Amino acid sequence: MSLYLEYIKEIQNRKEELGLAPKPIDSAELLSEIIAQIKDQGNEYREDSLNFFIYNTLPGTTSAAGVKAKFLKEIILGQETVAEITTEFAFELLSHMKGGPSIEVLLDLALGDDASVSAPAADVLKTQVFLYDADMARIKAAFEAGNAVAKDLLESYANAEFFTKLPAIEEKIDVVTYIAGEGDISTDLLSPGHQSHSRADRELHGKCMITPEAQDEIVALQAKHPNAKVMLIAEKGTMGVGSSRMSGVNNVALWAGKQASPYVPFINIAPVVAGTNGIAPIFLTTVDVTGGIGLDLKNWVNKVDANGNNVVDENGDPVLEEAYSVATGTVLTIDTKAKKLYNGDKELVDVSSAFTPQKQEFMKAGGSYAVTFGKKLQTFAAEALGIEAPVVYAASKEISHEGQGLTAVEKIFNRNAVGVASETPLHAGSNVRVKVNIVGSQDTTGPMTCQELEAMAASTISPLVDGAFQSGCHTASVWDSKAKANTPKLMAFMNKFGLITARDPKGVYHSMTDVIHKVLNDITVDDRAIIIGGDSHTRMSKGVAFGADSGTVAIALATGESAMPIPESVKVTFKGNMKGHMDFRDVVHATQAQMLKQFGGENVFQGRIIEVHIGTLMADQAFTFTDWSAEMKAKASICISNDETLIKSIELAKSRIQIMINKGMENEAGTLAGLIALADKRIDEVKSGAQPALSPDDNAKYYAEVLIDLDAIDEPMIADPDVNNEDVSKRYTHDVIRPVSFYKDKPVDLGFVGSCMVHKGDMQIIAQMLRNLEKQNGTITFNAPLVVAPPTYNIVDELKAEGDWDILAKYAGFVFDDDKPKGEARTKYENILYLERPGCNLCMGNQEKAEPGDTVIATSTRLFQGRVVADTAEKKGESLLGSTPLVVLSTILGRFPTMAEYTAAVEGIDLTRFAPPTEEMTTKYTAPAVPVKVV
């Protein structure tokens, strides 16, 4: 059977089984067959083939795009004749192909001798921004050789006509409201984890957004209000918390945005989203990628009494009252010039934060990518012409306060800033481009990152990036048909692109499913690094790491840069002593609880950097804090360590990088060896005193300072989704932190130790507890299932070498076997210990899940509704989060323990301990030195 007939069969199946349109074409072989049918005037499939060629072929660097560009070139040159595709139409189609092969064809035509095609080709090129070094070098060489068209192109690029000639954004935008949910809306609602396999198939994935009923309601609103855009709202909450999902914004845009190009199906842009408490930082970045609008509505406010004091409920939480209504179906107007939201003539709220000069540029250009590439292209052209680039784009916002020191994140941004005009150090609020040192891509968003790289015509990783890793951890639990279809293809693409990959496309080294955050934490060897990763828990304990959508990851991989404002910071310090029976996870949860109490329920961490003065806690253990900062809704977190601890952490990272080299994971570019060299350099800087461990200046300015009292923590602390709270807006918020005594006699149905929140020490704690309980009771019986998923294979190897794996295996009723990986997700659990393959496992909820309605106690990070455990008609599923020893003991007992039972079980065990630093961890502020800029 021909490829075309197979495609037709697939189309019929998609339509009959799923109600979907034909899948967009990315295959060169299929498109070549389609072109042959177009050339054959009598072919029975010619008309459909034309439509597929014109309207259903993916652009960028897909292999199909190369074939399409070549055929369009042949039509333009008169080598082929297709009545339906004129020369003018061929140029129009090339203009929508976004770089790669199309740029090569346009340059061939523009720089050639035939004026009849060179002029229109140059006109199209003037509208393009996705040019890479080879394209620019070709134009520059032609210019230097005296080519007039090349000179014309450079002058157009230097003036940024690809941007200035675009239409301005509308001054008035009507929106019709749709309340997508009450309380915080996680990206899981917009793009569920268990549907991750379909994210690259945009139309199919769009079917999973919220519910089919919600999709119908959105369509009905559009029909009723054809001149208004549907605005999805998180009522009484924040929109887009949790995972960093481009797929979530893609789904919103698919249902409520606009088509990016008439010739590219199911790629929509410019959605409008809003939340009572605004948009989560990572999600807002993703909205910017699509040129969308994200509004902070502030439509519910704290109720105050006659004296101006907050009114609180019986739990001490502020009572909210409605400032104005955004009930579904309300038509509002966004005035982009005045930067206000109106209901008719009535002003509701200032929305200027959504319309900064930079954000308006994203909206005008159709997304942030076009602006990033446009700036780069303009700079190149001006330098090639030997002129000063005209000021076209809004200048980088550069804020510097005389006499004010720098926080840790301000120091990192100053060190990595690109193209900054200021001669003085920059402070929070500055909006700059920065060099990205480390990039991570994970396997459920990776296929979309590949699509983004193809769409922006990128073919190799930027030389500015020190190291990049593609993981296989999010789909590690089950090697099923979906994983088999997606993972090898993803790994082959990323390996070729230049990343270190968990799976070797050539099959030389053993396939790893190590948790991405653990690997990124190891390959980050500089505490002044900037890290971008395709997951909200990309929050390293060295440097500053930002979880990002698949598109921002693609930009970082392709350009080695990212653009963002320097965030404000909140300083966290500690006092007192940590009790021997407490685990560091309890300190982390108590930090959130004490912060909320100190600030009257206001989450001062939200959207800011948490600068935690950790002192002597190694990076592996400190990661527990930085990782949880995602649930605190912080933008990122920075650990301030002393010199000795930083050196130990980097030495540990070096040893793990060397293991990766020994396993055969090194690439041709020598990335891993380069990281070891960087680690050695950083260690030498610290030892010599030339560049001590990162610390803030003693007069740095913080949004807030939080002091955590360790003496006040005397019980294991649990993060509770509070699933039965009468106020639906207060469920699944991560803000409910309770002591274990609250759960007296509460049954536990399943326990989970794993995900990125645990480290080697947690595995050792389990082994020690089993020995303890075996000694105390003679035998150990599990009264609830316990699932254990180590973070990395290195840890498993170390546990085996040191003997701890033996006792884990002794009590395990299931031990993973890579030679015979599971082919189906587990749906029922026995009361045994399951030793699962390294990876994310239950935390993801996309493969393994607890049984519906279960009460789960986990070390995970997810409280999303339905993520780890689904509801039943009779009982809501609960995923409560706690420390490793608490999880283990709860599964052995089948219920939450009493304090007496807990302290007995951990007696003599070396838990993950922490002591506050005794010295002030700051740098003495001196006269401001001009920071070194990366140019």
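### Section: the nonpolar core
In this structure, Phe469, Ile523, Phe574, Phe584, Phe605 and Val753 are the most contacted members of the largest nonpolar core, which totals 127 residues. Ranked by residue count, the leading element in this core is helix H27 (residues 760-777), at seven residues. Leaving out residues up to four positions away in the same chain, Ile523 has contacts with Ile438, Phe469, Ile657, Met660 and Leu675. Core analysis: the second largest hydrophobic core is formed by 114 residues, Val124, Ile461, Leu490 and Phe546 among them.

### As for the sheet that holds strand S1 (residues 172-182)
The mixed open sheet is built from seven strands, whose spatial order is S8-S7-S3-S1-S11-S12-S13. Of all the strands in the sheet, the pair left with one neighbour each is strand S8 (293-296) and strand S13 (346-350). Between one strand and the next, the sheet's axes are offset by a mean angle of 35°, whatever the strand orientation. Examined bridge by bridge, strand S11 (residues 331-335) and strand S12 (residues 340-343) share three bridges and lie antiparallel to one another. Each bridged residue has a counterpart across the sheet, and for Thr333 the counterpart in S12 is Tyr342.

### Focus on the confidence of the model for the chain
Mean pLDDT over the chain: 92, with 99% of residues reaching 70 or higher. Of all secondary-structure elements in the chain, the lowest mean pLDDT belongs to strand S21 (residues 561-565), at 86, while S11 reaches the highest, 98.

### Quick word on the sheet that holds strand S23 (residues 609-615)
The pairing of strands in a sheet happens through backbone hydrogen bonds and is either parallel or antiparallel. Overall, parallel pairing links the four strands, which are arranged S24-S23-S22-S25 in an open sheet. With partners counted over all chains shown, the strands left at the sheet margins are strand S24 (636-641) and strand S25 (704-709), one partner each. Averaged over all pairs of adjacent strands, the angle between their axes in this sheet comes to 25°, without regard to strand direction. Inspection of the sheet shows strand S22 (residues 569-575) paired to S25 by six bridges, in the parallel sense. Each bridged residue has a counterpart across the sheet, and for Thr573 the counterpart in S25 is Leu707.

### Some words on the packing of helix H19 (residues 446-455) against helix H20 (residues 481-497)
Packing of H19 against H20 brings their axes to within 10 Å, and their N-to-C directions diverge by 50°. One finds that H19 runs oblique with respect to H20. Seen along the crossing, H19 lies across H20 with a hand that is left-handed. Contact residues: Gly446, Pro447, Thr449, Cys450, Leu453 and Glu454 in H19; Leu490, Phe493, Met494 and Phe497 in H20. Its residues assigned to classes, the contact of H19 with H20 comprises seven nonpolar, two polar and one charged.

### With respect to the pattern of salt bridges
Any two side chains of opposite charge can pair, given that their charged atoms come close. A full pass over the atoms with the stated rule returns 53 salt bridges. Of the charged contacts in the structure, one is a salt bridge between Glu848 and Arg826, with a shortest N-O distance of 3.2 Å. Here Glu848, found in the loop between strand S31 (833-835) and strand S32 (855-858), pairs with Arg826, found in the loop between strand S30 (812-815) and S31; they are 22 residues apart in sequence, far enough to count as distant. There is no split in this pair, since Glu848 and Arg826 are both buried. A salt bridge links Glu851 to Lys828; its shortest N-O distance comes to 3.5 Å. With Glu851 in the loop between S31 and S32 and Lys828 in the loop between S30 and S31, this pair connects stretches of sequence that are 23 residues apart. The network of salt bridges with shared partners includes Arg415, Asp526, Asp527, Arg528, Arg682 and Glu685.

### A few points about helix H14 (residues 246-256)
By the criterion of burial, H14 is predominantly enclosed, with eleven of the eleven residues buried. Within H14, burial applies to Met246, Ser247, Gly248, Val249, Asn250, Asn251, Val252, Ala253, Leu254, Trp255 and Ala256.

### Here's the deal with empty space enclosed by the protein
Inspection of every chain in the model, using the stated rule, returns eleven cavities of 30 Å³ or more. There is about 190 Å³ of room inside the largest cavity. Surrounding the largest cavity, 21 residues form its lining, Val241, Gly242, Ala280, Ala630 and Lys633 being those nearest its centre. Contributions of two or more residues to the lining of the largest cavity are made by strand S4 (239-241) and helix H15 (281-289). By volume, the second largest cavity is sized at about 140 Å³. As for the second largest cavity, its lining consists of 14 residues, of which Asp514, Val519, Met660, Thr792 and Asn794 are closest to the centre. Looking at the lining of the second largest cavity, the elements with two or more residues in it are helix H21 (516-523), helix H25 (643-662) and helix H28 (793-802). Here the residues of the lining of the second largest cavity are counted per class, giving seven nonpolar, two polar and five charged.

### A closer look at the pairing of strand S17 (residues 467-470)
The alternating pattern of S17 places Gly467 and Phe469 on one face and Ala468 and Gln470 on the opposite face, and all of these are buried. Of the strand pairs in this sheet, strand S16 (residues 438-441) and S17 are connected by four bridges, and their pairing is parallel. What sits directly across from Gly440, in S17, is Phe469. Crossover connection from S16 via H19 to parallel S17: handedness right-handed. The sheet contact formed by S17 and strand S18 (residues 500-501) spans two bridges and is parallel. Pairing of Gln470 across the sheet is with Thr501, part of S18. The parallel pair S17 and S18, bridged by H20, forms a crossover whose chirality is right-handed.

Reading guide: rules and limits
- Residues numbered from 1 in each chain as written.
- Predicted model: local features only at pLDDT ≥ 70, side-chain atom pairs only at ≥ 80, totals over all residues.
- Heavy atoms only, no water.
- Core = buried A, V, L, I, M, F, W, Y, C linked by side-chain atoms within 4.5 Å.
- Buried < 20%, exposed > 50% of the residue type's maximum accessible area, 1.4 Å probe, protein only.
- Helix = DSSP H or I, 4+ residues; strand = E, 2+ residues; numbered from the N terminus.
- Contact = heavy atoms within 4.5 Å.
- Pairing = 2+ DSSP bridges.
- Axes fitted to C-alpha atoms, helices over the stretch in contact; angles between N-to-C directions.
- pLDDT = per-residue confidence, 0-100.
- Parallel < 35°, antiparallel > 145°, perpendicular 65-115°, else oblique.
- Left-handed = near helix turned anticlockwise from the far one by under 90°.
- Nonpolar A, V, L, I, M, F, W, Y, C, P; charged D, E, K, R; others polar.
- Salt bridge = Lys/Arg side-chain N within 4 Å of Asp/Glu carboxyl O.
- 1 Å grid on protein atoms, 1.4 Å probe; cavity = no way out; pocket = protein on both sides within 12 Å on 5 of 7 lines; lining within 4 Å.
- Points joined across faces, edges and corners; volume = space filled by probe spheres on them.
- Right-handed = clockwise from strand over helix to strand, strands pointing away.

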